Amino acid sequence: MELKASGLTKQYGSKTAVDNMSFEIGKGVTGLLGANGAGKTTLMRMMCGILTPTSGEIEYDGYRVESEEYRNVLGYLPQDFGYYPEFTGMDFLKYFCALKGIDKKAANTRCEELLELVGLKDMGKVKVKKYSGGMKQRLGIAQAIINRPEVLILDEPTAGLDPKERVRFRSLIEELGKVSIVVLSTHIVSDIEHIADRIIMMKSGHIIWQGSWKEEQGSLEEFYLKEFE
Amino acid sequence: MMKDKDLKIILTEYAGKPGHLKKDTFIRSVTKDAGKEHVSTFKMIAVQAGYIRVYVWLISIAVACLPLFGADMFRFATLDAVADLMPFVAGVGIIEAMRARMYDMTELESVTLLSGKGVFYARMILIGVVQFALIPVSAVLMAFADTGSVIDHCVKLVLPYCITAIICLIVERTRFGRENVLVCLAVAGAVFAIRQSLVSFARYDPGSLTLTIAAAVLIIVQIFEFYKTVRTVGTGEVEWN
């Protein structure tokens, strides 16, 4: 189980959002830490095969990210996502079950199971447009894990969540990291400080530090702030 | 100052522990088979059939219903009425196929087994096939009523339909089109207005053979533009933050 990027570069006209990045990510939680505009979202979109790199490539266990095999084991929560206005929470999840090739019988059980897991059991029949920001985010995470992904990519997953939800969320992510590759981006150190097995720190499209952060190294937040001064 | 770790403990205690038992059961099941099955092209199209809005089908079916009821009930020129409807039928079809873009669902759909391209392809094929199939039905009904030629009737419906569809598909590939999905309705309105003025003022009749050839060419161009648009779905360069 390994997600490997080599010489990854993405340019938007004259702007380089991601510059020659190489890394290998294994099972566990990897935190992508960086200020706004560091290139995290661009990197994640390339990891999902949504954006084509200008140069370089990403592979998962030998499969290219554009392949069906990879999409079959991929879960993704974008920073911003929408929903069709007529969808209830249950419809939303069932739609993604259909798109992810989960048969109808398994889909019903799966959707109920997930709604309960993310604390939306009683909201399944309510239209998504009536959900609060935190509820939508929880529904987003539910769709991301609906196909039991081996690779789970979460772009700012805790945005819009209240402190109580944040704690629950982190705990869920930590658990998921035990069985799959979880890559989570954030600009908030506390989101990943205690759950990430590995941290990739980004600045202006470059990796400025990567590895496992140990308590004896001091405060990650202080180190992070110093790097961004 | 309170450390984040301490805050986490306090919050966990405050919030109460999540349903660990249920969560554990779920997590343990993660590696098991998720009930996934191969998605064939047919299944891909069938899945999308359930998610196409009723009004799209209604406006499409109106193409066949107008000749059935329109001529008798309202005594208006049925062929003109149906031909006037065709640009909107095409425009609405493309808006529906591109719906993910309108509701910010493209990224989510792109990372599924079907992929963003697959979803657009399935929707477009489904809507296009139904709309195209209704054209000869409508033409036969009208030809039966006014003793005209079925091919002539078909051609007069295909022309505004294809012209609108082609322009919409081209516009959808531009940044402006991507940001304004409803532009297809404006295109439909323009084609409708041009057709109206041609009907009212044009004295030149190109003849049915010329129109038939034009319709055949437009169908080929539309298929070509459709595949060109499919290739661009999901590859749109998102602006950097």
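This write-up is about the structure you can find in this document. (Residues numbered from 1 in each chain as written. Chains lettered and ligands numbered in written order. Predicted model: local features only at pLDDT ≥ 70, side-chain atom pairs only at ≥ 80, totals over all residues. Heavy atoms only, no water.)

### Considering the overall build of chain A
Within chain A, the regular secondary structure consists of eight helices and ten strands. Seen along its three principal axes, the alpha-carbon backbone of chain A occupies a region of about 45 × 35 × 35 Å. The buried share of chain A, taken over its 229 residues, is 58%. Put simply, of all contacts in chain A between residues at least 6 apart along the chain, 67% involve residues at least 24 apart. Element-wise, carbon and sulfur atoms account for 45% of the exposed surface of chain A, whose accessible area totals about 9000 Å². Separation between the mean location of the 30 positive side-chain charges and that of the 33 negative ones in chain A comes to 7 Å. (Helix = DSSP H or I, 4+ residues; strand = E, 2+ residues; numbered from the N terminus. Buried < 20%, exposed > 50% of the residue type's maximum accessible area, 1.4 Å probe, protein only. Contact = heavy atoms within 4.5 Å. Areas by Shrake-Rupley, 256 points an atom, 1.4 Å probe, with all protein chains shown as cover. Lys, Arg positive; Asp, Glu negative; His and termini not counted. Charge placed at Lys NZ, Arg CZ, Asp CG, Glu CD.)

### Describing the pattern of salt bridges
One pass over the structure, following the stated rule, counts 15 salt bridges over all chains. Close ionic contact of A:Arg64 with A:Glu57 constitutes a salt bridge, the shortest N to O distance being 3.5 Å. Given a relative accessible area of 43%, A:Arg64 falls into the partly exposed group. With relative accessibility at 35%, the residue A:Glu57 sits in the partly exposed group. Across the pair B:Glu96 and B:Arg53 runs a salt bridge whose closest N-O atoms are separated by 2.8 Å. Here B:Glu96 is found in helix 5 (residues 78–97), whereas its partner B:Arg53 is found in the loop between helix 3 (41–49) and helix 4 (54–74), with 43 residues between them in sequence. One continuous salt-bridge network, built from bridges that share partners, spans A:Glu57, A:Arg64 and A:Glu66. (Salt bridge = Lys/Arg side-chain N within 4 Å of Asp/Glu carboxyl O.)

### Points about unusual backbone geometry
Residue and element names in this part refer to chain A. Not every positive phi belongs to a glycine, and Asn20 is a case in point at roughly 45°. Residue position: Asn20 is located in strand 2 (residues 15–25). The exposed category is assigned to Asn20, whose relative accessible area is 52%.

### Side note on the nonpolar core
Judged by nonpolar contacts, the single largest core of 105 residues is most densely connected at A:Phe92, A:Leu93, B:Met105 and B:Phe120. Once residues within four sequence positions are removed from consideration, B:Met105 is found in contact with A:Gly82, A:Tyr83, A:Tyr84, A:Phe87, A:Phe92, A:Tyr95, A:Phe96 and B:Ala100. If you look at the next biggest cluster of nonpolar residues, it comprises 32 residues, including A:Tyr12, A:Ala17, A:Leu43 and A:Tyr60. (Core = buried A, V, L, I, M, F, W, Y, C linked by side-chain atoms within 4.5 Å.)

### So, a nonpolar patch on the surface
Side chains of B:Met102, B:Leu182 and B:Leu185 sit close together on the surface and give an oily, nonpolar patch of about 250 Å² of accessible area. Turning to its location among the elements, B:Leu185 is positioned in helix 11 (residues 183–201). (Patch = residues over 30% accessible without salt bridge, like charges linked within 9 Å, V, L, I, M, F, W, Y side chains within 5 Å.)

### Regarding the sheet that holds strand 3 (residues 28–34) of chain A
Residue and element names in this part refer to chain A. The six strands are arranged 6-7-8-3-9-10 in an open sheet whose pairing can be described as mixed. Unpaired on one side and paired on the other, strand 6 (74–77) and strand 10 (206–211) mark the two borders of the sheet. Across the sheet, the mean angle from the axis of one strand to that of its neighbour is 15°, orientation sign disregarded. In this structure, strand 9 (residues 198–203) lies alongside strand 10, joined through five bridges in antiparallel fashion. By the bridge assignment for strand 10, Met201 is matched with Trp209. Across the sheet, helix 5 (residues 133–144) lies against strand 6 and strand 7 (151–155), angled at about 165° from strand 6, the strand it touches most. Set on the sheet, helix 8 (residues 220–227) makes contact with strand 3, strand 9 and strand 10; between it and strand 9 the angle comes to about 20°. (Pairing = 2+ DSSP bridges. Axes fitted to C-alpha atoms, helices over the stretch in contact; angles between N-to-C directions.)

### Considerations on the environment of A:Glu86
Tracing the sequence through the fold places A:Glu86 in the loop between strand 6 and helix 3 (89–99). Along the sequence, A:Glu86 and A:Ile102 sit 16 residues apart, while their C-alpha atoms lie 22 Å from each other. The contacts of A:Glu86, once residues within four sequence positions are left out, are A:Asp91, A:Lys127, B:Arg53 and B:Arg99. Among the polar contacts listed, one links the side chain of A:Glu86 to the side chain of B:Arg99, at a separation of 2.7 Å. (Polar contact = N/O pair within 3.5 Å; in protein donor to acceptor, adjacent residues only side chain to side chain.)

### Comments concerning the packing of helix 3 of chain A against helix 5 of chain A
All names here are of chain A. The geometry of helix 3 relative to helix 5 is characterised by a closest axis approach of 9 Å and an angle of 25° between their N-to-C directions. Compared by their axis directions, helix 3 and helix 5 come out roughly parallel. The handedness of the crossing between helix 3 and helix 5 comes out as right-handed. Residues Gly89, Phe92, Leu93 and Phe96 of helix 3 form the contact with helix 5, whose own contacting residues are Leu139, Ala142 and Gln143. Looking at side-chain class alone, the contact of helix 3 with helix 5 contains five nonpolar, two polar and no charged residues. (Parallel < 35°, antiparallel > 145°, perpendicular 65-115°, else oblique. Left-handed = near helix turned anticlockwise from the far one by under 90°. Nonpolar A, V, L, I, M, F, W, Y, C, P; charged D, E, K, R; others polar.)

### Here's the deal with the side chain of B:Ser60
Here B:Ser60 lies in helix 4. Non-local contacts of B:Ser60, meaning those with residues more than four positions away in its chain, are made with B:Val89, B:Gln131 and B:Leu134.

### Thoughts on the packing of helix 5 of chain A against helix 6 (residues 163–176) of chain A
Residue and element names in this part refer to chain A. Two numbers describe how helix 5 lies on helix 6: the axes approach to 12 Å, and their chain directions differ by 5°. One finds that helix 5 runs roughly parallel with respect to helix 6. Here Gly134, Gln137, Arg138 and Ile141 of helix 5 come into contact with helix 6, specifically with Glu165, Phe169 and Leu172. Its residues assigned to classes, the contact of helix 5 with helix 6 comprises three nonpolar, two polar and two charged.

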